[in-house]
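For reference, the chains in residue letters:
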Amino acid sequence: MSAALRTLTVLGSTGSIGVSTLDVVARYPERYRIHALTGATQLDRLFEQAQTFRPRYAVVLDERSAEQLAARLRAAGSDTEVLCGEAALEQVSIAPEVCTVMAAIVGAAGMKPTLAAARAGKRVLLANKETLVLAGRLFMDEVKASGAELLPIDSEHNAIFQVLPRAHREHPYAQGLRESGVRRILLTASGGPFRTRAIETFARITPEEAVKHPNWSMGRKISVDSASMMNKGLEVIEARWLFNAQPEEISVLVHPQSIVHSMVEYADGSVLAQMGSPDMRTPIAYGMAYPERIDPGVKSLDLFSVGRLDFEAPDLARFPCLRLAFEALAAGGAATAVLNAANEVAVAAFLDNRLSFPGIAALGEAVLAQVGGLPADDLDALLHADAVAREAATAWLSRQERPC
Ligand code: NAD
Ligand code: MG
């Protein structure tokens with residue numbers, strides 16, 4: 001029997017995850033059709049993607065880009081219609097003909113269309129971890145209410161999903177992890193490019209050094225987050241919501257080879273791990289074809305050439321961002337939304353050479369102390385906290401630049 005045709009919207013198709021997703025789609029033209037592609041950057045790439053995958057819609061952020069892209073597509077004889085703005089991102093995420101939405105926009109900007117896809121009961125392939133950091137409880141409530149199928153794409157969470165009991169991974173809120181026979185989640189981290197670099201030299205770290213991840217090729221923001229280990233902090237928060245895990249049920253292990261993508265320890269002492277070559281096409285293909293398995297072109301894991309697997313405890317003095325994430329999770333309310341927003345401002349400033357690498361954690365800590373206590377009663381409150389945190393972060397930055 002041939003598999004049913006699935007129609008996809010790829011939010012953030014021009015980014016690292018978006019490109020890997022389309023690589024998998026291209027291998028299975030009889031299984032997947034593209035409804036919409038979206039991108040805020042790299043519009044030449046969006047044009048080429050539209051030519052190759054012939055989506056019904058291409059979505060960009062502003063009108064000027066929309067006009068330019070539409071003119072190019074028309075001249076090339078394309079039928080793809082170009083839309084623009086936030087409302088269009090939501091429109092293409094909830095369209096009735098769409099079964100699956102790949103949520104691969106970076107940052108809090110990805111939250112609204114991802115939430116809309118969940119509310120509309122789609123299969124949501126969740127790469128955009130910031131949605132859960134910003135609005136974890138609310139997002140999971142939407143998933144429960146609509147019966148959306150949520151499949152984690154972040155490699156660690158995809159690994160955990162693969163080795164959790166099926167009942168728990170599909171209905172994580174029916175009971176706690178302990179009742180499902182699970183003792184704890186072991187979240188692995190590569191430790192990034194600065195795991196062994198002398199701490200005294202951290203103030204001299206350049207953006208080019210920070211975006212060079214030893215094992216994974218990723219977008220710039222998540223690469224900096226990996227270097228500061230804020231990424232692991234965001235992933236702890238992500239795991240808390242995805243798997244209905246209490247913070248004390250999540251342990252972080254530094255595993256420099258990035259072969260074990262994460263593990264689950266059961267009540268009887270068994271530890272199940274998912275392993276593989278570090279290639280995002282594995283979790284993407286898993287989410288796209290679930291519960292079937294398809295070949296996304298990932299090379300076989302050669303354990304002989306890997307040779308050894310090392311594990312060590314994370315160094316919180318070296319990586320204060322990880323500590324901040326645990327503190328924000330413990331504080332509750334809008335604290336994780338505040339930390340996420342402060343971090344986005346900090347990473348952008350670092351990439352722009354306006355903030356030192358240690359400044360990322362310093363800014364996060366300061367903004368968390370200043371406005372981390374804001375409430376998180378509903379979406380408006382969370383968006384308010386996000387905006388207030390961005391203002392506080394921007395003000396902190398300008399005080400650093402112009403001390404008086
Ligand atoms: P990227 O920077 O390579 O791509 C981001 C995409 O989002 C691009 O298409 C960009 O045009 C679009 N975008 C950026 N700002 C936007 C805005 N304001 N509105 C609408 N679209 C916007 O990022 P990436 O590495 O592909 O990561 C995407 C998401 O997946 C992030 O949340 C990241 O944390 C998560 N993730 C990525 C990886 C990875 O290997 N790259 C792994 C795990 C999780
Ligand atoms: Mg990850």
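The structure displayed is predicted, hence computed values, not measured ones. (Residues numbered from 1 in each chain as written. Chains lettered and ligands numbered in written order. Predicted model: local features only at pLDDT ≥ 70, side-chain atom pairs only at ≥ 80, totals over all residues. Heavy atoms only, no water.)

1. Thoughts on the packing of aromatic side chains
- Taken as a whole and assessed by the stated rule, the structure comprises seven aromatic pairs.
- Aromatic side chains F161 and Y290 sit 5.6 Å apart centroid to centroid with 70° between the ring planes, which places their arrangement in the edge-to-face category. Linking F161 in helix 7 (residues 155–163) with Y290 in the loop between helix 12 (281–289) and helix 13 (303–306), this pair joins segments that are 129 residues apart in sequence.
- For F161, a relative accessible area of 3% gives the class buried.
- A connected cluster of aromatic rings, assembled from ring pairs, spans F194, F202, F350 and F357. (Phe/Tyr/Trp six-rings, centres within 6.5 Å; stacked < 30°, edge-to-face > 60°. Helix = DSSP H or I, 4+ residues; strand = E, 2+ residues; numbered from the N terminus. Buried < 20%, exposed > 50% of the residue type's maximum accessible area, 1.4 Å probe, protein only.)

2. Points about the coordination of the magnesium ion (ligand 2)
- For the magnesium ion (ligand 2), the full set of protein donor atoms is D154 (OD), E156 (OE) and E235 (OE), at a range of 2.1 to 2.2 Å.
- Mapped onto the polypeptide sequence, the residues donating to the magnesium ion (ligand 2) form the spacing pattern D-x1-E-x78-E. Of this pair, E156 sits in helix 7 while E235 sits in helix 11 (residues 230–242), and the two are 79 residues apart along the sequence. Grouping residues by exposure puts E156 and E235 together as buried. (Donors = N, O, S within 2.8 Å, 3.2 Å for Na, K, Ca; no water.)

3. Examining the domain arrangement of the protein chain
- Looking at the protein chain, the domain boundaries give domain 1 (6–152) and domain 2 (196–206 + 317–404).
- Inter-centroid distance (C-alpha atoms) of domain 1 to domain 2 is 28 Å.
- Counting residues at the interface gives ten residues for domain 1 and ten residues for domain 2.
- Sorting the residues of domain 1 by area buried against domain 2 places V133, L134 and L138 first, and these three jointly supply 54% of that buried surface.
- Inspection of the region where domain 1 meets domain 2 yields two residue pairs in polar contact (both at pLDDT 80 or more).
- Here the side of domain 1 that touches domain 2 takes five residues from helix 6 (residues 130–146), the largest share from any one element.
- Residues belonging to the side of domain 1 that touches domain 2 are distributed by class as follows: seven nonpolar, one polar and two charged. (Domains from an automatic or database assignment. Contact = heavy atoms within 4.5 Å. Buried area = accessible area lost by both parts, 1.4 Å probe. Polar contact = N/O pair within 3.5 Å; in protein donor to acceptor, adjacent residues only side chain to side chain. Nonpolar A, V, L, I, M, F, W, Y, C, P; charged D, E, K, R; others polar.)

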